[in-house]
Amino acid sequence: MSTPQDYVQQKAVASGSSFYYAFLFLPPPRRAAITAFYAFCREVDDVVDEVHDPEVAAAKLAWWQGEVRSAFEGKPTHPVMQALMPGARDYGIEPRQLLDVIEGCQMDLHQARYFEFAELERYCHLVAGVVGEVSARIFGQSQPQTTDYAHKLGLAFQLTNIIRDVGEDARRQRIYLPVAELQRFGVQADDILKGQYSDPFTALMRFQAERAHRLYDEALALLPAADRRAQKPGLMMASIYRTLLREIEAANFQVLHQRIALTPLRKFWLAWKMQALGRF
């Protein structure tokens, strides 16, 4: 039988995520903790993406809420939580952080539009900012300000994901781009749902990309010098995600009919390059 550690490792590898390549450069105990935490995030996110009946999905997420509480009471039953609990103890992971991630996934079950960016920002905080907060602790945070860096970097990552996945999300009848900004640029939601490109759509997407770039810059400026070396996995991920964002820009935001992605080899090279050159 596979162990909980085997389970979370397989979950991380199968995802093909950019995050996995940054984990490779961590010492084994921290790598084990972040891999288990990432597997937890994948489990709850997959409920939303793969369970088509909203009531069933809601029941599954409610089960995960109960499992988190049980795990922190010393009774984990799922292999992900069994693998995560040693890291939770060693690196100060709190139940409210995991419950926040679940809450963000629950939002996807009943909200497919966001009118203002402030509303979207709340969602991004739950599904990405809190993930950044936990990750920073596992990587080796020593300064309080590093939490602000992690929240802002998580927001930049999530906005990059939103830009990349506009077409894919539209096929699930979701549009994360704020309604007020669609109206500002003269883009009809129906055109996005139908996969129709236009000059206004390109202008809207350029505006989103500029915001994401600004957030990357603001996040990096917040990272205290004392934590730069410890937070190198996050900086590796920033390099990978920002390269992806530039690829999307170079493709003129042709994201409605395809999912633009970096190859695994390129992701690994970007992570290794930052590690080798010591750009922390």
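Here goes a summary of the coordinates provided. Quick caveat: nothing in here was measured; it's all calculated off a predicted structure.

1. Examining the overall build of the chain
Secondary structure assignment for the chain yields 14 helices and zero strands. Shown N-terminal to C-terminal, the secondary structure of the chain runs as helices and strands in the order α-α-α-α-α-α-α-α-α-α-α-α-α-α. The C-alpha atoms of the chain give a radius of gyration of 19 Å, which matches the 19 Å a tight globule of 280 residues would have. With respect to the principal axes defined by its C-alpha atoms, the chain has extents near 55 × 50 × 35 Å. Burial statistics for the chain: of 280 residues in total, 51% are counted as buried. Sequence separation of 24 or more characterises 72% of the internal contacts of the chain that already satisfy a separation of 6 or more. Only carbon and sulfur atoms are counted for the fraction: they give 52% of the accessible area of the chain, which is about 12600 Å². Taking the average place of the 32 positive charges on the side chains of the chain and the average place of its 33 negative ones, the gap between the two points comes to 7 Å.

2. Considerations on a nonpolar patch on the surface
Judged by side-chain polarity, L24, F268, W269 and W272 come together as a nonpolar surface patch covering roughly 400 Å² of accessible area. Looking at the secondary structure, you find F268 in helix α14 (residues 264–277).

3. Re the side chain of D169
Looking at the secondary structure, you find D169 in helix α9 (residues 166–170). For the buried residue D169, which engages in no salt bridge, the nearest side chain bearing the opposite charge is R172, 4.2 Å off. Excluding anything up to four places from it in sequence, D169 contacts R174 and Y176.

4. Concerning the packing of aromatic side chains
Summed over all chains, the structure comprises eleven aromatic pairs. Between Y114 and Y123, the aromatic rings sit 5.7 Å apart at their centres with planes inclined by 35 degrees, giving tilted as the arrangement. Each ring, one from F157 and one from Y241, has its centre 4.7 Å from the other, and the planes form 35 degrees; the classification is tilted. Taken as a pair, F157 in helix α8 (residues 145–164) and Y241 in helix α13 (residues 232–250) lie far apart in primary sequence, 84 residues in all. Neither residue differs from the other here; F157 and Y241 are each classed as buried.

5. Observations concerning the nonpolar core
If you look at the biggest cluster of nonpolar residues, it comprises 96 residues, and the most contacted ones within it are F37, F40, M81, L120, L159, L177 and I192. Top element by residues in this core is helix α7 (residues 117–139). It accounts for 13 residues.

6. Some remarks on the state of the cysteines
Counted under the stated rule, the structure contains zero disulfides. The cysteine C105 is free of any disulfide, with C41 supplying the nearest cysteine sulfur at 8.0 Å. There is no disulfide at C124, and the cysteine sulfur nearest it, in C105, is 12 Å away. Note on C124: relative accessible area 0%, which makes it buried.

About the criteria used
Residues numbered from 1 in each chain as written. Predicted model: local features only at pLDDT ≥ 70, side-chain atom pairs only at ≥ 80, totals over all residues. Heavy atoms only, no water. Helix = DSSP H or I, 4+ residues; strand = E, 2+ residues; numbered from the N terminus. Rg over C-alpha atoms; globule rule 2.2 N^0.38 Å. Buried < 20%, exposed > 50% of the residue type's maximum accessible area, 1.4 Å probe, protein only. Contact = heavy atoms within 4.5 Å. Areas by Shrake-Rupley, 256 points an atom, 1.4 Å probe, with all protein chains shown as cover. Lys, Arg positive; Asp, Glu negative; His and termini not counted. Charge placed at Lys NZ, Arg CZ, Asp CG, Glu CD. Patch = residues over 30% accessible without salt bridge, like charges linked within 9 Å, V, L, I, M, F, W, Y side chains within 5 Å. Salt bridge = Lys/Arg side-chain N within 4 Å of Asp/Glu carboxyl O. Phe/Tyr/Trp six-rings, centres within 6.5 Å; stacked < 30°, edge-to-face > 60°. Core = buried A, V, L, I, M, F, W, Y, C linked by side-chain atoms within 4.5 Å. Disulfide = S-S within 2.5 Å.

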